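Residue-level structural notes
What follows is each chain in one-letter form.
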Amino acid sequence: VQLQASGGGLVQAGGSLRLSCAASGLTFGSYVMEWYRQAPGKQRELVAAVTSGSGIYTNYADSVKGRFTISRDNAKNTVYLQMNSLKSEDTAVYYCAARLGPRSYWGQGTQVTVSS
């Protein structure tokens, strides 16, 4: 199983980025897909999650509600995180994860840096 995250970079505060996570080696549509982030000196936190299948249900950390949108494309085995109105406190390494019951897989992370 591989999860390949991409799309990170340096952006000014107020800007936007879209992260992508391409999965292979698993039945993608069966997995809950999640985005986490970890800032320097802080614990990893769940940013957003989308249910398996058609991804009708989503969940967000309070700190990103209204600014971030998670979505999935099962035909492309890819999950996205659209990040708008970025703030300096969004600076972190972002990780995607696939979860099915007790089984989980993690990507390698992509750096997002927001300059103020």
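Summarised in this report is the structure supplied together with it. (Residues numbered from 1 in each chain as written. Predicted model: local features only at pLDDT ≥ 70, side-chain atom pairs only at ≥ 80, totals over all residues. Heavy atoms only, no water.)

1. What to know about the nonpolar core
Note on soluble globular proteins: their nonpolar side chains tend to be buried together. The biggest cluster of nonpolar side chains holds 31 residues, and the ones touching the most others in it are W35, L81, M83 and Y94. Counting residues per element, the ones that place at least two in this core are β1 (2-6), β3 (17-24), β4 (32-38), β5 (45-50), β7 (68-73), β8 (78-83), β9 (92-100) and β11 (110-115). Not counting chain neighbours up to four residues away, the residues in contact with M83 comprise G15, S16, L17, L19, R67, F68, Y94 and V112. (Core = buried A, V, L, I, M, F, W, Y, C linked by side-chain atoms within 4.5 Å. Buried < 20%, exposed > 50% of the residue type's maximum accessible area, 1.4 Å probe, protein only. Helix = DSSP H or I, 4+ residues; strand = E, 2+ residues; numbered from the N terminus. Contact = heavy atoms within 4.5 Å.)

2. A word on the state of the cysteines
A complete count under the given rule lists one disulfide for this structure. For C21, the disulfide goes to C96, at an S-S distance of 2.0 Å. Its S-S torsion of approximately 55° makes the covalent link between C21 and C96 right-handed. Placement of C21 in strand β3 and of C96 in strand β9 is noted, with a sequence separation of 75 residues between them. Exposure class is identical for C21 and C96. Each is buried. (Disulfide = S-S within 2.5 Å.)

3. Overview of the pairing of β3
Bridge count for β1 against β3 is five bridges, and the pairing is antiparallel. Within the sheet, the bridge partner assigned to Q4 lies in β3 and is A22. When β3 meets β8, the two strands line up antiparallel, connected through six bridges. Bridge pairing links A22 to T78 in β8. (Pairing = 2+ DSSP bridges.)

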